[in-house]
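The lines below spell out each chain.
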Amino acid sequence: MFKELNISTENRYQLVDITEEIEEIVKESKVKNGLLLVFVPHSTSGIVLTENEKGLKNDWIEIFKKLTSGIDFEHNKIDNNADSHLLSGLIGQGRVLPIKDGKIIRGTWQQIFLAEFDGPRERKVIVEIITKN
Ligand code: ZN
(Lines give C-alpha, C1' and ligand atoms only; values in the text may rest on other atoms or scores of the structure.)
Protein backbone atom coordinates (compact mmCIF):
# COMPACT_ATOMS: atom_id res chain seq x y z
CA MET A 1 0.00 0.00 0.00
CA PHE A 2 1.46 3.29 -1.14
CA LYS A 3 -0.20 6.71 -0.84
CA GLU A 4 0.74 10.32 -1.21
CA LEU A 5 -0.64 13.24 0.75
CA ASN A 6 -0.37 16.76 -0.65
CA ILE A 7 -0.07 19.50 1.92
CA SER A 8 0.21 23.27 1.46
CA THR A 9 2.13 25.06 4.18
CA GLU A 10 1.75 28.74 5.01
CA ASN A 11 4.74 29.75 7.13
CA ARG A 12 8.50 29.39 6.91
CA TYR A 13 8.47 27.17 10.01
CA GLN A 14 5.24 25.28 10.70
CA LEU A 15 3.97 22.08 12.26
CA VAL A 16 1.02 20.47 10.45
CA ASP A 17 -0.83 17.67 12.24
CA ILE A 18 -1.39 14.86 9.72
CA THR A 19 -2.42 12.16 12.22
CA GLU A 20 -6.04 11.90 11.03
CA GLU A 21 -5.06 11.59 7.37
CA ILE A 22 -2.49 8.91 8.19
CA GLU A 23 -4.92 6.96 10.40
CA GLU A 24 -7.51 7.07 7.61
CA ILE A 25 -4.98 5.54 5.20
CA VAL A 26 -4.16 2.79 7.70
CA LYS A 27 -7.87 2.06 8.14
CA GLU A 28 -8.43 1.94 4.36
CA SER A 29 -5.48 -0.41 3.92
CA LYS A 30 -7.17 -3.01 6.17
CA VAL A 31 -3.70 -4.07 7.29
CA LYS A 32 -3.88 -5.70 10.73
CA ASN A 33 -0.22 -6.04 11.61
CA GLY A 34 2.69 -4.40 9.91
CA LEU A 35 4.81 -1.32 9.57
CA LEU A 36 3.88 2.19 8.55
CA LEU A 37 6.40 4.47 6.89
CA VAL A 38 5.72 8.21 6.82
CA PHE A 39 8.32 10.00 4.71
CA VAL A 40 8.83 13.41 3.11
CA PRO A 41 10.71 13.42 -0.22
CA HIS A 42 12.12 16.86 0.59
CA SER A 43 15.38 18.04 2.13
CA THR A 44 13.87 21.09 3.83
CA SER A 45 10.99 19.51 5.77
CA GLY A 46 10.62 16.64 8.20
CA ILE A 47 8.36 14.34 10.20
CA VAL A 48 8.11 14.64 13.98
CA LEU A 49 5.98 12.95 16.63
CA THR A 50 4.84 15.33 19.35
CA GLU A 51 1.84 16.62 21.28
CA ASN A 52 -0.66 18.81 19.44
CA GLU A 53 -0.72 21.63 21.98
CA LYS A 54 -0.52 25.28 20.90
CA GLY A 55 2.19 26.27 23.39
CA LEU A 56 4.35 23.28 22.59
CA LYS A 57 4.04 23.92 18.85
CA ASN A 58 5.28 27.49 19.48
CA ASP A 59 8.11 26.05 21.60
CA TRP A 60 9.20 23.86 18.68
CA ILE A 61 9.25 26.90 16.37
CA GLU A 62 11.31 28.79 18.97
CA ILE A 63 13.83 25.93 19.21
CA PHE A 64 14.08 25.71 15.40
CA LYS A 65 14.96 29.44 15.32
CA LYS A 66 17.42 29.25 18.24
CA LEU A 67 19.22 26.19 16.89
CA THR A 68 20.02 27.94 13.65
CA SER A 69 20.54 31.56 14.71
CA GLY A 70 23.90 33.34 14.96
CA ILE A 71 25.68 31.08 12.45
CA ASP A 72 27.11 32.36 9.18
CA PHE A 73 26.04 29.41 7.00
CA GLU A 74 28.01 28.85 3.78
CA HIS A 75 24.97 27.41 1.95
CA ASN A 76 23.19 30.76 2.39
CA LYS A 77 25.48 32.19 -0.31
CA ILE A 78 23.69 29.86 -2.77
CA ASP A 79 20.00 29.87 -1.79
CA ASN A 80 19.59 31.22 1.73
CA ASN A 81 18.03 28.14 3.33
CA ALA A 82 20.85 26.37 5.18
CA ASP A 83 18.69 26.44 8.34
CA SER A 84 15.93 24.55 6.50
CA HIS A 85 18.26 21.77 5.28
CA LEU A 86 19.94 21.42 8.67
CA LEU A 87 16.69 21.26 10.65
CA SER A 88 15.30 18.74 8.16
CA GLY A 89 18.32 16.48 8.68
CA LEU A 90 18.30 16.89 12.46
CA ILE A 91 14.57 16.23 12.90
CA GLY A 92 14.58 13.51 10.26
CA GLN A 93 12.68 13.08 7.03
CA GLY A 94 10.59 10.10 8.05
CA ARG A 95 9.35 7.83 10.82
CA VAL A 96 8.40 4.16 10.96
CA LEU A 97 5.57 3.18 13.29
CA PRO A 98 4.14 -0.24 14.20
CA ILE A 99 0.61 -1.26 13.22
CA LYS A 100 -1.09 -3.75 15.52
CA ASP A 101 -4.70 -4.97 15.32
CA GLY A 102 -5.38 -2.44 12.56
CA LYS A 103 -4.16 0.55 14.56
CA ILE A 104 -1.00 2.60 14.73
CA ILE A 105 0.79 2.07 18.02
CA ARG A 106 1.57 5.54 19.38
CA GLY A 107 1.42 7.33 22.69
CA THR A 108 -1.48 9.62 23.61
CA TRP A 109 0.77 12.64 23.02
CA GLN A 110 2.42 11.35 19.89
CA GLN A 111 0.59 13.03 17.03
CA ILE A 112 2.22 12.83 13.62
CA PHE A 113 3.36 16.15 12.17
CA LEU A 114 4.79 17.40 8.94
CA ALA A 115 7.49 19.89 9.99
CA GLU A 116 7.94 22.69 7.50
CA PHE A 117 11.30 24.48 7.54
CA ASP A 118 11.19 26.40 4.27
CA GLY A 119 7.58 27.35 3.65
CA PRO A 120 5.25 28.30 2.27
CA ARG A 121 5.48 25.35 -0.10
CA GLU A 122 3.54 22.45 -1.58
CA ARG A 123 4.68 19.29 0.21
CA LYS A 124 4.24 15.60 -0.43
CA VAL A 125 4.07 13.05 2.37
CA ILE A 126 4.66 9.45 1.29
CA VAL A 127 2.77 6.83 3.29
CA GLU A 128 3.74 3.21 2.75
CA ILE A 129 2.41 0.22 4.67
CA ILE A 130 4.05 -3.19 4.82
CA THR A 131 1.93 -6.13 5.97
CA LYS A 132 3.36 -8.71 8.33
CA ASN A 133 0.39 -11.10 8.09
ZN1 ZN B 1 19.26 24.95 -0.30
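Summarised in this report is the structure supplied together with it. (Residues numbered from 1 in each chain as written. Predicted model: local features only at pLDDT ≥ 70, side-chain atom pairs only at ≥ 80, totals over all residues. Heavy atoms only, no water.)

**As for helix α2 (residues 54–67)**
- Here α2 spans 20 Å end to end across 14 residues, near enough to the 20 Å set by a 1.5 Å rise per residue.
- Where α2 begins, one side-chain oxygen reaches toward the backbone nitrogen of G55, 3.0 Å away; that side chain belongs to E53. (Helix = DSSP H or I, 4+ residues; strand = E, 2+ residues; numbered from the N terminus. Expected span 1.5 Å × (residues − 1). Polar contact = N/O pair within 3.5 Å; in protein donor to acceptor, adjacent residues only side chain to side chain.)

**Considering helix α1 (residues 19–29)**
- Every buried residue of α1 is accounted for by T19, I22, I25, V26 and S29. Buried residues of α1, seen end-on, are gathered within an arc of 130 degrees and therefore sit on one face of the element. In α1, the exposed positions angled more than 90 degrees off the buried face are occupied by E20 and K27.
- Once α1 finishes, K30 follows within two positions and takes phi at roughly 60 degrees, a positive value. (Buried < 20%, exposed > 50% of the residue type's maximum accessible area, 1.4 Å probe, protein only. Arc of directions from axis to C-beta.)

**Looking at the pattern of salt bridges**
- Per the counting criterion, the structure on display carries eight salt bridges.
- Put simply, K124 and E4 hold a salt bridge, and the shortest N to O gap is 3.4 Å. With K124 in strand β8 (residues 122–131) and E4 in strand β1 (residues 2–8), this pair connects stretches of sequence that are 120 residues apart.
- Given a relative accessible area of 34%, K124 falls into the partly exposed group.
- You can call E4 partly exposed: its relative accessible area is 39%.
- Close ionic contact of R12 with D118 constitutes a salt bridge, the shortest N to O distance being 2.9 Å. With R12 in the loop between β1 and β2 (14–17) and D118 in the loop between β7 (111–116) and β8, this residue pair connects regions lying 106 residues apart in the sequence.
- The class for D118 is buried, based on a relative accessible area of 9%.
- Look at the salt bridges and you will find they share partners, linking R12, D83, D118 and R121 into a network. (Salt bridge = Lys/Arg side-chain N within 4 Å of Asp/Glu carboxyl O.)

**Points about the sheet that holds strand β5 (residues 94–100)**
- The strand order β1-β8-β3-β5-β6 describes an open sheet built from five strands, whose pairing is antiparallel. Only two strands of the sheet have a single neighbouring strand rather than two, namely β1 and β6 (103–104).
- Looking at chain direction, strand β3 (residues 34–39) and β8 are connected through six bridges and run antiparallel. If you follow G34 over to β8, its bridge partner there is T131. (Pairing = 2+ DSSP bridges.)

Don't take any of this as a statement about function, it's just geometry.
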